[in-house]
Structures are given as structure tokens and as C-alpha cells.
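# Understanding the architecture of this molecule
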Amino acid sequence: MQTAIIESLRETTDGQEAERILRACTHCGFCTATCPTYQLTGDERDSPRGRIYLIKQTLEGAEPTARTQFHLDRCLTCRACETTCPSGVEYARLADIGRGLVDSQVERPPRERAIRWGLRHIVAHRRRFAFLVALGRAMSPLLVGRLAPLRDKIPPRRTSTGQDSHSTTAHPRRMLMLQGCVQPSAAPNTNAAARRVFDRLGISLIEAETAGCCGALHQHLSHRETAREQARRNIDAWWPYIADGAEALVMTASGCGAQVAEYGHLLRDDPAYADKAARVTELTHDVSDILAKQDLSGLGDIGTGRRVAYHPPCTLQNAPGLHDHVAAILAQAGFKLTHVGDAHLCCGSAGSYSILQPEMAGELRRHKLDNLESGTPDVIATANIGCQLHLEAATGVPVRHWIELLA
Amino acid sequence: MSDVISGERAAALDADGAASKATLVAALTAALPHDIVLTDEESLRPFECDGLSAYRALPMIAVLPATVAQVQTVMRICHAHDTPVVARGAGTGLSGGALPLEKGVLLSLAKFNRIVDIDTDNLRATVQPGVRNLAISEAVDHLGLYYAPDPSSQIACSIGGNVAENSGGVHCLKYGLTTHNIVRLEIVTVEGERLTIGSDALDTPGYDLLALMTGSEGLLGVIVEIVVKLLPKPELARVALIAFDDLRAAGNAVADIIKAGIIPAGLEMLDSPAIVATEAFVHAGYPTDATAILLCEVDGTTAEVDEDMARVQAVAEASGATEIRVSRDDAERALFWAGRKAAFPAMGRISPDYYCMDGTIPRAALSDVLIGIAELSEHYGQRVANVFHAGDGNLHPLILYDANQPGELERTEAFGGAICELCLKHGGTITGEHGVGVEKIDQMCVQFPTAELQQFHAVKAAFDEKTLLNPGKAVPTLHRCAEFGAMHVHNGALPFPELERL
Amino acid sequence: MSTTRQPSEDRTEAIAAQVEDAYQRAAPLRIVAGQSKSFLGEPVAEAATETLAVHAHSGVVSYDPGELIITARAGTPLRDIEAVLAENHQRLAFEPPHYGPTATLGGTIATGVSGPARPYAGAARDFVLGCRIVNGRGQVLRFGGEVMKNVAGYDLSRLMAGAHGTLGVLLEISLKVLPSPRAQLTQVFEHEAPEALAAFSAWAARPWPISGAYWEAGRTHLRLSGAQASVDAARDALGGEPLDEDQSFWSGLREHERDFFKRGDMPLWRISCAPASPMAKLSGTWSLDWGGAQRWLVSDAPAETVREAAATHGGHATLYRGHDKPRQHPLSAAHVAVHRRLKAAMDPAGILNPGRIGV
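Residues numbered from 1 in each chain as written. Chains lettered and ligands numbered in written order. Predicted model: local features only at pLDDT ≥ 70, side-chain atom pairs only at ≥ 80, totals over all residues. Heavy atoms only, no water.

### Some thoughts on the domain arrangement of chain B
Residue and element names in this part refer to chain B. Note the threshold: Per the annotation, domain bounds derive from an automatic or database assignment of domains. Here, residues are in contact when the closest pair of their heavy atoms is within 4.5 Å. Computed with a 1.4 Å rolling probe, the buried area is the accessible surface lost when two parts are put together, summed over both parts. By convention in these notes, a salt bridge is any Lys or Arg side-chain nitrogen within 4 Å of a carboxyl oxygen on Asp or Glu. Amino acid classes used here: Ala, Val, Leu, Ile, Met, Phe, Trp, Tyr, Cys and Pro are nonpolar; Asp, Glu, Lys and Arg are charged; the rest, including Gly, are polar.
Domain parsing of chain B yields domain 1 (2-108), domain 2 (115-232) and domain 3 (236-346). Placing the centre of domain 2 and that of domain 3 at their C-alpha centroids yields a distance of 28 Å. Contacts between the two partners involve 10 residues from domain 2 and, on the opposite side, 12 residues from domain 3. Both faces combined, the contact of domain 2 with domain 3 buries some 930 Å², and carbon together with sulfur accounts for 49% of it. Of all residues in domain 2, S152, V170 and K174 bury the most surface against domain 3, accounting for 57% of the area lost on that side. Here domain 2 and domain 3 share 1 salt bridge between them. Of the charged contacts in the structure, one is a salt bridge between K174 and D299, with a shortest N-O distance of 2.6 Å. Counted by class, the side of domain 2 that touches domain 3 contains 5 nonpolar, 3 polar and 2 charged residues.

In C-alpha cells form, the structure reads like this:
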């Protein structure tokens, strides 16, 4: 597409990257076909192509208003469009730039600002979030009227199923695992299960205590500098282990995995971190990607024919650097995978999306659950904490991280 | 070009004393929900072009109706206010058929995305116009059925747009175009009345308005529902990937396959630049050192496919193929096709912009026309990649250019025009399946003499007396032809005689 | 089939001149060629006392088997076309009825008739790629072309199919042709009519190489055409009893030479409807062609009753034999208006076969 980016932006890193991305777009519209929001609303502005246009006109000097912001907000950043795009348009990167630009020019109403502040300052912090979850569970009976929808957001209490990290054997093979911010309190079993499965394969999963949130939340809420800071902090936390021979960075939440896999790009202009970040990107793998390369015959027939509906998170399907082997692993372990229609469409969780866009997220979830439940599964499996929490709030079928099924 | 068209129209409207934007917005918002009437530039800008982004025009107003009643309301109001209306589906068209008018209303039918009914007894599906072409086949896949026409953009293009353009696809040599695969349309007339075209039977009394409406590019009515035919999926389909190191040999192989009595389900060709670009994206295993490849699909029962495939291989070998690979399973077949289906947009990887032509020629002229295009490419100094429906003689030269370079688009248009005229010279047509839109409107002056164009206008007037439906598209005014200075081609007299090849 | 072919002659100028002259005088014309299909459609208005004969405008203009396209003048005998194609193992896949030895290509396309293969191969209009016509002003116009795909301008050439010459006098027609099937056979099944309809539906949903499905008097005839291997496989899978005289059976059906079509004095109705429509409750004798989409009824039921029953399932009824008027299913008021405007656009003086299309 032809572009005419304004002088003041043309020389900036963002401006140049945006221009490069825009020039790759041929406006063919293929992306509209797999965009969950466009499929719901039929409004060009809710499609990747339309949003690219909204961003383009902002870059070309048109003053954005809350309208542009509204349609950019409605994007899930599921990146299905990138997978569909034959021209290789890096939509998510353009969306980050566009959102930053628009948010710097359009002030949000106080209520929106408060929610966004809360997301960044509480959810993205392990201990603060754990406190909030505990508080929420305690206060749940009081969440009525306008606050009722919030009850949806409080993860159910789970009984811990296994030993903690210190009781597994220390193996010579070691890999780093990201503890994450939401997962430890919302779904503590996931990492525990991963640890046990890896233990059986002769690999120790270790955690760097000072590593924290991956930065995805900040990134998507137009606080890209904070996201970079978090990336640097995590790299600092991991580096001693990497130097010490940790083979890989294992991601049990694909949402985090997608963000960590971007560190190389995020810090490419930071001379102090660029090389380390690139190395981290290289080492980052989804847990299924690691397991697919191991000999799993020792796991045996764990599934015994139980029916599993697998929901592949968008980050596993579309983020570059992550690869999805879950279905093959589950099948190998004796589970029966049910047919799930429209598997490429987002469930509506999408990080903070389900909190910021509850209506759209709810509708997407309804469609997703209809498809997941159509094969009458015993359990729904997914690979990301966000999807897990979002889906289980609206279905009677248990929703688990798939690694739990193997543990 | 968009400026010329809207300028022409604007002058006419001013003369007619058409409604101002304010009046129209007031009328529309009084009758429709406010959030489906877009009036501000920020909201309208994303609608300024379709799949042909070289032509852009900001619509005065865009309306996004969700019901037929709302469509009728829009049409009634616009008709009463003498305001032109451009209907738009998925906006994937490649001829600028959905290019808005600066003094017109853009009517988006994208919200009409529901499959209304699947009738397995009669093998039909009733769908809304915004339903994606591929979504129909996906919805009936579990029944062993599919909808045959499959344009390359089938993942995203809407069935309403397919009807408006009479879209083809890679399988239409055997299974026909859109016009062969629909039985009934519900349209809203320019006056806002509903009219059924065609019927649930295989024919209707009176004139075949279904044939007339199909491919009329939104100039005769607004399509609001379509009944399509469904076909049983063939038991087996296999595709042969046939490579050549010589363009002429590839062209001859196409005619030889047909002469051997085989009607392939699909017979497609990609030339070297197209192979390289698509391979980079799809990794379909195309041989990147080949001068051209043919994709030849045969389908039917297992025995039939084996029989036909053996013949195809024999013909290809005799024609000088350097490599023949036959798909072993459906996954490999899908992979072979994936490159072809993504070929146009994949050009975005080797060039910032591309301009897709659509001429159709007799199969016998394939080699000559391809060589003629290569010579034109040298003359204009612009690269061209060829991806096309060889079995139908339907060419898709993609002219690569950079819209940010001043003058390149104009040179590209001239190059495209020369390709159109080369096709006409060889007894072909300027458009096989993409439609005339705004893109090829000037070449219509070359393809058709005045009397034919007048006849087209008379037919248009029978449906739309005030010329409000998608004006300025598909059929040029005689005034426009005079300005363009083009004459209908007589006896092969064309511009650029030095570039012609007999 | 005769081996002598009608001589080639281009009478374009004379035909155009006669139409132009008639246009100047507003004198209606009755277009005439082989007369084999004059019983179809409505009678031309009696005011049309002048005859426009196109029979002599004849001959194949171009035919290249490698292109799968034949172009011929309207007066060319249909049997000549079929003979030329047969020499190259090709054919008109819509299997047009001749309804007599004098049938011409022009009359075939003008009436838009198709034979038993229609639901599987397509109708006459589906094979029209282009044509030259004389419109009601006497202008010679060319639409479409000699290529497989063409979307430049409105599809006026397909519109000519079934227009009975009322929108223009056909001069030349370009048709898509197809290779003749390598093998063909017919299987017979004992069915009651509802069973036959159910079988038609079930068969059509599977990729069998079906090229004809006809039921009459308790027997379903299923024709299979294509590669030998696939025809054999379908026969083995579907069963039924083989029919020996299979060629003459289908040509007899196509040409209405079967007793069913010739017997008795009662009116013969053609009911065109969605193929799986249930049997209408009408008195009389039925046969079912086109896999259920074209039904024939010999009945003395009132015309109104027959038309109403046909319309119930989105269909329409045409009188093939009998005296009722009109013969065609009446159009809605909205369609009458569109038809009149379209007719006026092509033939402003209303001189081409007035009355023939019934509006």
C-alpha cells in the first residue's frame, strides 16, 4: 500500500518499522476471514485491515479520536491475521505502535484509566495478585449488582495435587521455567505438574526467584517502556542460570511465552541487552515444543481413552517462535481428541481483554465453548492460563492446562 | 482515476441538485440505528478502497445494515435523494468494483454473514451475501458436499461479491463459474423493493434474469440473499505439479492436456517470479529454478483419477516437462494448492505493490501472449509475475510496482492497458473473472464498439433509470471513451504496434 | 443422421437490413427457422404478419477441438453441429432436444431447451459463451466471446438463451463443448414415484457419474456416463438391472417420442420444481425427469390447480400440449414490469416476436 507518514514520525524507530509493515500490506483482506472480532461485527474497523487503515491515517497525520481507540481496543491481538496473511504483515507490531501513538493523543475516561492502572500494577505482580485473589474469594458473596461480573474473574480454589519444587530430584539436565504472575495463585498445579513430568524425563525445572511478569500486560496496554524494563529484569534474573548451562526457557503459559520470545525484538536497540535478549528468544520454547523432542514412551497410556477437547491458545497458533505439539502429545498419551470447529478463533480471553472488553469476550467465549463442547469431552485442555480461567468461568466441563493431564 | 469518476459524477449531481450530506445523514439516522451510519472521515477512511488499493475515494457516508429492511430503507432514502449507492461485500475485489463515491453512500453487506439454511435433499444452501465463499464449503464439509467456485480469495471473499462479479476460481473449467452454481437470488432494487430472481427450480418462466444479474457488478440491484448449489465432494482428487524450463512448452502442454480429452478439475500456471514469491511464504516445495509450473488436478473415482493422471503424466512428458510430482495424499494436495491460492498477496513480499490483470485468451494463444507480456515488461521497465488459470486461458499478470515512487502507478496502468489490448488482439477479453470495475473501464472502450456500449446502458436503465447503482463502474460512458481516445480494435490495429507479436 | 450438410451462407446484412427496415416502420416480425420448436412459448402476436427467415443464415464459423468452443450461425441445423462435434469425440453436453429434423442451433438457444443431462451437465444457457445478434433497431451487436471466461459487460449472451428471439435475433452463437463420455450405461430400478424421488436425492448427494435419472410407470432409469472405470464402479455399487437399448431410450425421452408424451388428448404439463419436492396431489399420470426437477403430468386438472401446485414448491408449470392460455407460468407484476423494460431496452419498437414471451 502507498504510505505518506508524517515528517515527525518518519525518522523514528517506530515510524520506520510502521512504514515497513504498512508497505507489505496489499489490502487483500484475507486477514478479515480469521479475525474473531470482524467475524462478529462485520465492521471493517473491527478487522485487521481496517485497524491497519486506522493506524495508517494516524501515522499520516490525521488526529485520532476515541473512535480509533475503541476499535484498536477491541482487537484481541490474537494474531490469527498474521498466520493468515500471505504478505507477511507483522500486524501485532504495528498494533503496538499504533496503540501507543493513539493512547498518547487520546485521553481515556477516568474509569478506564483506573482499570488499566490496576491491571498493570496488581495483576502483573505475583504477590499483589495472590493477595487480590484471596481477597476476592473472601469477598465473593459481596459481589452483587454491578459488581457481579467480577465474580467471573476470581479463579476457583484448587487443591494442590503434588509435591513442591524442592522435593523432586536434582538432575544434571536443567531448564528454566517462568513462574509468572497470575498462574501461581490462579492455577498452582500447572507448574507443579510440569515439574513432575520433566522430573520423570530426567530434567530439573528451576525457577529464578527474582524473575517476574513477562511484560505482556504492559506491552498490550501501551506501556512498552515498562515492558522493556520487565524484560531486562527477567534477563538479569535468568542470565546466571543460562550461563550455568540451563538448556531452555520452558513456558507453561503460552501468553507469556509469546512475549518472552519477543525479547530479542523488544531490546534490539539496547546495546547492553540486545545480545542477551536475542539468546533468550532463542532459548524460549513452549512446554509442548520441548516435550515433543523427548522420548515420551515412558509415560505410557495415561489417557485411557478419555475424551479431550483441546483449545490451542492464539499465542501457540500464531506467535512466531512458539510451536504447538499438544494434540500429538495427548494422542500419544492415550487421550481421544474430539473435533473442535473454528479452532483458529480466539476464546476472548486474550490477556487483559476479557476484563477490558467483557461483552465481546463473552460472545467469543460462547462461540468457543459451543465448539469445544460439541464433541462431549470429559475435559477441556488448553495451554495458557488466561484461556483456562476465561473458559472455566462459563462451562461445567473441567478446564485444565494439558500438562496436568500428563502428571 | 477515482477523482475523475467522482468528479464526473459530482458535476452531474450538482446539476441535478442532489441532496447535501447533511440532509442525507438526517434522513438516514432518522430511519436507522445511529451506530450503523458512519459519517466522519476517521471512520470512513478504512472503507476508501477494496482489494485494489491503487484507487481510493472517501465515501460521503457508509451504512452497515444488518437486515434486509434496513437495506430497503437505505435504498429508498437514496433513491428519493438522487444519491448513488455502492454496495460492498468483503472488499476483496481486484477491479475496484466497490470503490466508493465521494458524493455517494457506501452500503456494506458484511454484517449479512449468516448461513440461513442447508437443504441436503435438494443440495442447496441459502446464504446471506456477506458469507465467506469458503465458509459455505466448510459448513457442508461434514455432509460430503462443497460449493464449487473457489476464487483465490475464497477464504475472505463474500458470496454476494462473487455473484456481482461472476467469480471463477481454479476449478471452474470443470465445475463452472458462479453463474453455473447459483439458483436463486433475492435482490433489493434501486427503488428499495424486494425481487426474487431465479427460483428453486432449475429454470424460470420469462427471461433468464439470473444470468443477467450475475456479473452485473452491482449496477442492477443489491443482492441480499443467495441460494447456491452444493456438489458432492469427489471421491478423490490428486494434483500433479509439472515443471518446465521453457514457457512455450508449458503453454503447449496446457492445450495438449485438453486435446487428450481430459477436463482437469483445475489447470493452473505460475511463472518463475510467481514461483519464487509464493514458495517463500507457503513452502509448498515448488521448484524455484523452474521457468514455469503447471498444477493439474484431476478428480473423480479412484480408478478414474488413476486413469486420467496417467494420461496427464504422459502428455506432460511428451510436452517436455522437466519434473512431474503427483500429490500422494490430501495434505500434499492442499500444500500444492496453498501456494497458488496465496500467490497474489504473496507478491507483497517481493514488491510493495502489485497490479493484477485478468485477460482471457484462447488457449492456443497462451505462449504468444506470455511472450508478448514479457516484451511489454521490458518496454515499460517493470517486473511482471504470471499466475493464472491456464485451463481457461484466463491470465493474471501481476505488474509489480511501488506506489510511493511518483509516476510508477501511471506507468503500471499504461502497461496494464497494453496487456488488455494484447489479449483483445488475440481474440480474448479484458476480464475473465475480476470484473471491469473502475480498473478496466477504459479498456471497455477498446473491447466494445459504441452500439454495444449503448445497449449496455439501455439495459442498465431498465433496472436503474436514474443511474444510482454503482455509477461509473463496469460500462464506460461514451463521453468517457471519447476522452480516453480509445477506439474499438478493428483488424488488430492497436497502439504499440512495435510490441505486437503475431 | 444425414451426411449432407446445409451449405454455409452469411446473411447478416440481409437480416439486419430487414430488422432495421421493420424498426423504421414499427412493423412486427415473426422470426422463423426450422419451426421445430414453434409449439414452445406463447404464440407470436397475429399482428406480426411479416416473417424474418433466418434458416439460410447457416454454417460453422469456427471450431477448434483444443479450445472446446464451436461458433456457428443460427440457421445451422442442430444435427450438422452434432455431426461435426462427433467427428472429434465431442458433443453439446446439455443434450438439446431437436423436436424434429429441422431443428436449428438458433432455435435451440432461443428456446433454451435442454435434455435429460441438464441437472448434471448444465442447461443450454450454461454453455453459451458469446453471440452476435441483431437488436430491435437493426444493429448488429456482439456480446461475450470465444473464451471460457468473460465478465466484460453484462452477460447479454446468456440472456438470449430462452428469450425466444424477443430481445434480439440470434446470428451467431459460441458454445462450450465437451469431450464425449468414454463409457455410458443405464440401470433400471423398480420404484414408486416417492421412492424414485428419494433415490434421486440420495444418488445426487454422492459423487456418482450420473448423467440422467428418469422415472415413469414404476421404473427408474439411471444413466451413468464417464470413464469406464468409474461407470463400472457406480453400477456395481448402485445395482439395478441393465438396460440394453440405452441410447434409444434416452433419445426417445429427449425427443418426447415415448408413448407417455404422445398418448391421448389430455393436456401435457411440464412442472419445473426443486428436485426433492414431494409429489403434488394432482390427478393424472406422472413421469419424473431431471432427477425430479422436471416433471411431466398428463392431466385434465384445471390450469389454475396445476400452477398452484407447482408454485407451492417454488416451481412453475408450462403447458406443452393443450389449448389453455397462457402456456407459460404467469409472471408476478414486478417481473412483468422488469420484463417489459428489458424488452424495450433491446427492442424499443417491440417488433421482435411480439407476444412470444407473454408480457
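### Comments concerning the packing of helix α2 (residues 21-31) of chain B against helix α4 (residues 68-80) of chain B
All names here are of chain B. Our working rule: Axis lines are fitted to C-alpha atoms, over the contacting stretch for helices. Their N-to-C directions set the angle, which ranges from 0 to 180 degrees. Here a helix means four or more residues in a row that DSSP labels H or I, a strand means two or more in a row labelled E, and each is numbered from the N terminus. Should an angle fall under 35 degrees it is taken as roughly parallel, and over 145 as roughly antiparallel, whereas 65 to 115 is taken as roughly perpendicular and any remaining angle as oblique. If you view the pair so one helix is near and one far, a crossing is left-handed when the near helix is turned anticlockwise from the far one by less than a right angle, and right-handed when it is turned clockwise.
Contact geometry for α2 and α4: axes closest at 10 Å, N-to-C directions at 155°. In terms of their interaxial angle, α2 and α4 are classed as roughly antiparallel. Remark: the crossing between α2 and α4 carries right-handed chirality. Counted together, L24, A27, L28 and A31 of α2 and T73, V74 and I77 of α4 form the full contact between these two elements. When the residues that make up the contact of α2 with α4 are grouped by side-chain class, the tally is 6 nonpolar, 1 polar and no charged.

### Concerning the interface of chain C and chain B
The partner chain B presents 82 residues to the 69 residues of chain C that form the contact. Taking both sides of the interface into account, the surface hidden between chain C and chain B amounts to around 6,000 Å²; carbon and sulfur atoms contribute 60%. The three residues of chain C that bury the most area against chain B are K149, V151 and Y154 of chain C, which together make up 16% of that side's buried surface. Counting across the chain C and chain B interface gives 6 salt bridges.

### Digging into a nonpolar patch on the surface
All names here are of chain A. Going by this rule: Only residues above 30% relative accessible area that lack a salt bridge enter a patch, with like-charged residues linked at up to 9 Å and the nonpolar side chains Val, Leu, Ile, Met, Phe, Trp and Tyr linked at up to 5 Å. Each accessible area value is a Shrake-Rupley result obtained with a 1.4 Å probe; residue values ignore everything except the protein chains displayed when judging cover. The rule is simple: take the accessible area with a 1.4 Å probe, protein chains only, and divide by the maximum for that residue type; under 20% is buried, over 50% is exposed, in between is partly exposed.
A contiguous nonpolar patch, built from F131, L132, L135 and M139 and spanning about 370 Å² of accessible area, is present on the exposed surface. Of note, F131 is situated in helix α9 (residues 126-139). Residue class for F131 comes out exposed when judged on its relative accessible area of 57%.

### Focus: the domain arrangement of chain C
All names here are of chain C. Definition in use: Polar contacts, as used here, are pairs of N or O atoms within 3.5 Å; protein pairs need one atom able to donate a hydrogen and one able to accept it. Residues neighboring in sequence count only if both atoms are side-chain atoms.
The domain boundaries assigned to chain C delineate domain 1 (12-179) and domain 2 (183-321). A C-alpha centroid distance of 27 Å is found between domain 1 and domain 2. Taken together, the contact pairs 15 residues of domain 1 with 14 residues of domain 2. Both sides together, the interface formed by domain 1 and domain 2 hides about 1,200 Å², and carbon and sulfur atoms give 58% of it. In terms of surface lost to domain 2, no three residues of domain 1 exceed Y99, P116 and Y120, which account for 49% of the buried area on that side. For the pair domain 1 and domain 2, the interface holds 1 salt bridge. The partner of R223 in a salt bridge is E95, with the nearest N and O atoms 2.8 Å apart. Remark: the boundary between domain 1 and domain 2 carries 4 residue pairs in polar contact (both at pLDDT 80 or more). For the side of domain 1 that touches domain 2, the per-class residue count stands at 9 nonpolar, 4 polar and 2 charged.

### Quick word on the interface of chain B and chain A
Across the contact, 42 residues belong to chain B and 35 residues belong to chain A. Roughly 3,000 Å² is buried in total at the junction of chain B and chain A, and carbon and sulfur atoms are behind 48% of that figure. Contact with chain A buries surface across chain B, with E42, P46 and N404 of chain B losing the most and accounting together for 21% of the total. Counting the contacts that link chain B with chain A gives 19 residue pairs in polar contact (both at pLDDT 80 or more). Counting residues per element, the ones that place at least two in the side of chain B that touches chain A are α3 (41-44), α13 (343-346) and β16 (353-356) of chain B. Looking at the side of chain B that touches chain A, the element that brings in the most residues is α3 of chain B, giving 3 residues. Taken together, the residues that form the side of chain B that touches chain A break down as 16 nonpolar, 12 polar and 14 charged.

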